[in-house]
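Read off the chains here:
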Amino acid sequence: MKAPSNMNKSYITFEASIHYYHHRSALENMHALLPCSRIIWILRNPLSRAFSEYLHQAVKSKEYPTFEFVVKKEVEALRVCSKKEFVFESGFDNPLFRCLERFKLKKYMLSTGFYAYFIHAWLEKFPVEQHLFLDYERFKADPEFVLRQITNFLHIPYSPILKPLWKYNKANTNDGKAAKLRKQNMVLKKELLNEVERYVGPHVEELYKTINEDFGWNLKST
């Protein structure tokens, strides 16, 4: 990335690596290479995150099922697998994910947002003071505030000059296909949303407990 022509000082580039957190190899490699890493988590409401991932996948295929179908299938699997006791401290090695694997779901869109399991695994390798947990919606609504949190966490000066230079990198929507899919798939039936809240809610509450912060996520809205 080339620095803007009107900027003669160093600048910072942030990369969104959205799938590292739920891969054991990423954790082990990072700890082996850079155990002093400072890790920034930008966490998103699991239902909103699931819908965003759905759009990214659905634009690639004309035959992709509806969001309601995908969520319903995962909720059915969660209904069975949630009968087992949640052991959040088990990290990657937990019976819930092993149970879900048996259902051969097209995508684990909701359960990928069960952050508490993954965070517990990362906390075993990296002390809590090396982690910063942020809410995606707060970042979206007030990027300047969140950027100040990040610069404080990284012990680097905050520069107001960044504000007019912010760039928003939007995903490829295949000539508006994602926007069309959003209109068609955004609303889920009340009964299904109740099920989402029932089976996802405990994982959100454990997240809040683990990071000692409540983001106030609404599990009945995408």
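About the thresholds
Chains are numbered independently. Their residues run from 1 in the order of the written sequence. Given that the model is predicted, a residue must reach a pLDDT of at least 70 before its local features are reported, and side-chain atom pairs must reach 80 or more before they are shown or counted; all residues, however, enter totals for whole chains, interfaces and linings. With hydrogens and water excluded, all non-hydrogen atoms of the structure serve as input to the side-chain values. Definition of nonpolar core: a set of buried residues of the types Ala, Val, Leu, Ile, Met, Phe, Trp, Tyr and Cys, connected through side-chain atoms within 4.5 Å. Exposed residues in this analysis have more than 50% of their type's maximum accessible area, buried residues have under 20%, and partly exposed residues fall in between, with area computed by a 1.4 Å probe over protein chains only. The way it works is that DSSP assigns letters per residue, a run of H or I at least four long becomes a helix, a run of E at least two long becomes a strand, and they are numbered from the N terminus. Criterion for a disulfide: a pair of cysteine sulfur atoms at a distance within 2.5 Å. In the analysis that follows, any N or O atom pair within 3.5 Å is treated as a polar contact, provided that within protein one partner can donate a hydrogen and the other can accept it, and provided that, for residues neighboring in sequence, both atoms belong to side chains. As a per-residue quantity, pLDDT reports the predictor's confidence and falls between 0 and 100. Fitted lines through C-alpha atoms give the axes, limited to the stretch in contact for helices. The angle between two N-to-C directions lies from 0 to 180 degrees. Comment on the angle field: the value is read as roughly parallel under 35 degrees, roughly antiparallel over 145, roughly perpendicular from 65 to 115, and oblique elsewhere. If you view the pair so one helix is near and one far, a crossing is left-handed when the near helix is turned anticlockwise from the far one by less than a right angle, and right-handed when it is turned clockwise. Residue contacts follow a heavy-atom distance rule, with two residues in contact if any of their heavy atoms lie within 4.5 Å. Under this grouping Gly is polar, as are all residues other than the nonpolar Ala, Val, Leu, Ile, Met, Phe, Trp, Tyr, Cys and Pro and the charged Asp, Glu, Lys and Arg.

*Asks:* If you had to explain the nonpolar core to someone new, which residues and values would you point to?
*Replies:* If you look at the biggest cluster of nonpolar residues, it comprises 53 residues, and the most contacted ones within it are Leu43, Tyr54 and Leu110. No other element matches the nine residues that helix 9 (residues 190–211) contributes to this core. Formed by five residues, the second largest nonpolar core is a distinct cluster that contains Leu132, Leu134, Val146 and Ile150.

*Asks:* Explain the state of the cysteines to me, and be specific about the residues and the numbers.
*Replies:* Summed over all chains, the structure comprises one disulfide. Between the sulfur atoms of cysteine 81 and its disulfide mate cysteine 99 the distance is 2.0 Å. Taking the sign of the S-S torsion, about -80° here, the bridge from cysteine 81 to cysteine 99 comes out left-handed. Taken as a pair, cysteine 81 in helix 3 (residues 67–81) and cysteine 99 in helix 4 (residues 95–101) lie far apart in primary sequence, 18 residues in all. Across the pair, exposure class does not vary: cysteine 81 and cysteine 99 are buried alike.

*Asks:* I'd like to hear about the environment of tryptophan 41, residue by residue, with values.
*Replies:* With respect to the element layout, tryptophan 41 can be found in strand 1 (residues 39–43). Along the backbone, tryptophan 41 and isoleucine 119 are 78 residues apart, and their C-alpha atoms lie at a distance of 9.4 Å. Within the structure, tryptophan 41 has its side chain in polar contact with the side chain of histidine 131 (distance 3.0 Å).

*Asks:* Before we move on, could you go through the confidence of the model for the protein and cite the residues and values that matter?
*Replies:* Across the protein, pLDDT averages 85, with 84% of residues at or above 70. Element-level pLDDT for the protein is lowest in helix 8 (residues 177–185), with a mean of 70, against a maximum mean of 97 in strand 2 (residues 131–135).

*Asks:* Talk me through the packing of helix 3 against helix 9; I want residue IDs and the actual numbers.
*Replies:* The interhelical angle for the contact between helix 3 and helix 9, taken along N-to-C directions, is 45°, at an axis separation of 10 Å. Judged by the angle between their axes, helix 3 and helix 9 are oblique. Both helix 3 and helix 9 take part in a crossing whose hand is left-handed. Of helix 9, the residues touching helix 3 (which contributes Glu68, Val71, Lys72, Val75, Leu78 and Arg79) are Leu192, Glu195, Val196 and Tyr199. Classifying every residue of the contact of helix 3 with helix 9 by side-chain character gives six nonpolar, no polar and four charged.

*Asks:* Now, about the packing of helix 1 (residues 24–33) against helix 5 (residues 115–125): what can you tell me, with residues and values included?
*Replies:* Axis angle and axis distance: for two packed helices, these are the angle between their axes and the distance between the axes, and together they describe the pair. Here helix 1 crosses helix 5 at 20°, and the two axes come no closer than 10 Å. On the basis of their axis angle, the class for helix 1 and helix 5 is roughly parallel. Where helix 1 crosses over helix 5, the handedness of that crossing is right-handed. Taking contact as the criterion, the partners of Ala26, Leu27, Met30 and His31 in helix 1 are, on helix 5, Ala121, Trp122 and Lys125. Of the residues belonging to the contact of helix 1 with helix 5, the class tally is five nonpolar, one polar and one charged.

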